[in-house]
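Here is what each chain is made of, one letter per residue.
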Amino acid sequence: MRSAFSSAMVQALVEEGISFDWTYGNSGSAVHVATYLSHEPELAREYYTVFPGDPLFGGIRPFLRGDGFFNTKYLFSGTARVEDRRMAPDWAAMKANPGNFRISGFNGRTGETVHWGKADMTGLDDFLLHARASASLPVLMPPTRIGGEIYFDGAFGPTGGIPIDSAREMEGFDRFLVIMTRTRSYRKKATKFTWAVKRWFPQYPALARSMHDRHVRYNRTRDWIFEQERLGRAYIFAPHRMPIGNGTRKLNELAETYEAGLAQAREEIPLIKRFLGL
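This text gives an overview of the structure that appears in the document. Nothing here was measured: the structure is a model prediction, and the numbers come from that model.

Further remarks concern the overall build of the protein chain. In terms of helices and strands, the protein chain carries twelve helices and nine strands. Projecting the C-alpha coordinates of the protein chain onto the three principal axes gives extents of approximately 50 × 45 × 40 Å. Every one of the 278 residues in the protein chain was classed for burial, and the buried ones make up 55%. Surface summary for the protein chain: the accessible area is close to 13,200 Å², and the carbon and sulfur share equals 51%. Here the protein chain contributes 37 positively and 30 negatively charged side chains, and the mean placements of these two sets differ by 8 Å.

Below, the discussion takes up the packing of aromatic side chains. Applying the stated criterion across every chain, the model contains 22 aromatic pairs. Ring geometry for Phe101 and Phe127: centres 5.9 Å apart, planes at 85°, overall edge-to-face. Remark: Phe127 occurs in helix α7 (residues 124–134) and Phe101 occurs in strand β4 (residues 100–107); sequence separation between them is 26 residues. The burial state of Phe101 is the same as that of Phe127; both residues are buried. Through a chain of ring-to-ring contacts, three or more aromatic side chains come together here, namely Tyr47, Tyr48, Phe51, Phe57, Phe69, Phe70 and Tyr74.

On inspection of all chains with the given rule, the structure shows eleven salt bridges. Among the salt bridges present, the one from Arg266 reaches Glu15, with a minimum N-O distance of 2.7 Å. One end of the pair, Arg266, is in helix α12 (residues 251–276); the other, Glu15, is in helix α1 (residues 3–16), and 251 residues separate them in sequence. A residue is classified by how much of its surface remains accessible, and Glu15, at 42% relative accessible area, is partly exposed. Between Glu46 and Arg85 there is a salt bridge; the shortest N-O distance is 2.9 Å. One end of the pair, Glu46, is in helix α3 (residues 41–49); the other, Arg85, is in strand β3 (residues 85–86), and 39 residues separate them in sequence. Taking the relative accessible area as the measure of exposure, Arg85 reaches 27% and is therefore partly exposed.

Helix length check: helix α11 (residues 214–230) (17 residues) gives 25 Å between terminal C-alpha atoms against 24 Å at 1.5 Å per residue, within 8%. Buried within α11 we find Arg214, His215, Arg217, Tyr218, Asn219, Thr221, Arg222, Ile225, Phe226 and Gln228. Residues of α11 that are buried make contact with β8 (176–179), α10 (205–212) and β9 (234–237). Just downstream of α11 lies Gly232, where phi reads positive at about 80°.

This brings us to α12. Of all the bends in α12, the greatest reaches close to 45° and is centred on Glu268; the proline Pro270 follows between one and four positions later. The set of residues buried in α12 consists of Leu254, Thr257, Tyr258, Gly261, Leu262, Gln264, Ala265, Glu268, Ile269, Ile272 and Phe275. One or two steps after α12, the chain reaches Gly277, where phi turns positive at roughly 75°.

One can describe the packing of α3 onto α12 by two numbers: an axis separation of 9 Å at closest approach and a directional angle of 140°. Accordingly, the angle class assigned to the pair α3 and α12 is oblique. Taken together, the residues of α12 that come into contact with α3 (itself represented by Pro41, Arg45, Tyr48 and Thr49) are Leu251, Leu254, Ala255, Tyr258, Glu259 and Leu262.

Parameters and conventions
- Starting afresh in each chain, residues are numbered from 1 along the sequence in its written order.
- The predicted nature of this model means local features are confined to residues of pLDDT at least 70 and side-chain atom pairs, given and counted, to a pLDDT of 80 or more, with totals for whole chains, interfaces and linings taken over all residues.
- Side-chain measures were taken over the full set of non-hydrogen atoms in the model, leaving aside hydrogen atoms and water.
- Helix and strand definitions here come from DSSP, where helices need a minimum of 4 consecutive H or I residues and strands a minimum of 2 consecutive E residues; each element is numbered from the N-terminal end.
- Throughout this description, buried means an accessible area under 20% of the type-specific maximum (1.4 Å probe, protein chains only), exposed means over 50%, and partly exposed covers the range between.
- The Shrake-Rupley method, run with a 1.4 Å probe, gives the accessible areas here. Residue values count only the displayed protein chains as cover.
- Charged residues are defined narrowly, with Lys and Arg counted positive, Asp and Glu counted negative, and His plus the chain ends left uncounted.
- Every charge is mapped onto a representative atom, which is NZ of Lys, CZ of Arg, CG of Asp or CD of Glu.
- Here a pair means two rings of Phe, Tyr or Trp (six-membered ring of Trp) with centres within 6.5 Å. Their orientation is stacked below 30 degrees between planes, edge-to-face above 60, and tilted elsewhere.
- Within this document, salt bridges are pairs made up of a side-chain nitrogen of Lys or Arg and a carboxyl oxygen of Asp or Glu, the two lying within 4 Å of each other.
- One fewer than the residue count of a helix, multiplied by 1.5 Å, yields its expected span.
- For this analysis, residues touch if any pair of their heavy atoms sits within 4.5 Å.
- Think of it this way: the bend at a residue is just the angle between two axes, each fitted to seven residues, one set ending at that residue and the other starting at it.
- Angles here are taken between N-to-C directions and fall from 0 to 180 degrees, while the axes themselves are lines fitted to C-alpha atoms, restricted in helices to the stretch in contact.
- To sort the angles, those under 35 degrees are grouped as roughly parallel, those over 145 as roughly antiparallel, those from 65 to 115 as roughly perpendicular, and the leftovers as oblique.

Written out as structure tokens, the structure is:
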């Protein structure tokens, strides 16, 4: 739920009318990609500051039922509502936006990271299915099936979770705006839960292998991004502090984190525009 911080950048970018030809995300940031392209900052805010208060959003009971600690089938169903707002992006607006996107998923059988964009989706339900796949954390959430293949969270790919691999593969980019939910000093440590993945998903050894050394790839990717910053090729938006964790669902803490992200984003927007040459 640290994405409550980064979702505020959607509002800041939309307020300033800043558009990109390409936007990338995986896991929780797949929602940011959608709300940014559909120009729905209110949805970006409520998805991470109001929606988690829905009893069906997740928790121990959905987890014990097999729906996951975060109930992804519900979260990405397109039917969930908070008050009068449907918790789903406006696909027509996303489609009409000239900017394209990539969100990523990890194929549990092959170990391959797959990137999906507009051309791979036929409508809102299809987008939500791919976004759900991109956010399917092993053990905490059930995997997602697409086209006969099983997918897990895109964070288990070659970059360890920072969705810059697709952009680097496409070439032609000379600068990157990178939105982070960890402080600049953060270093990922080895996970203690590889055993759980091996036990729960013995049929997907590639997933366990990826999880085992994910921290190495993640830290290596961060090092590359900060080197790009030193070279003037990247602008890194990172929280000064991150008071919440992925399991946080207290609405007051999520709202405070969003407001902190929005205040910092608005403060840094002039620097971002200068970096982008706007």
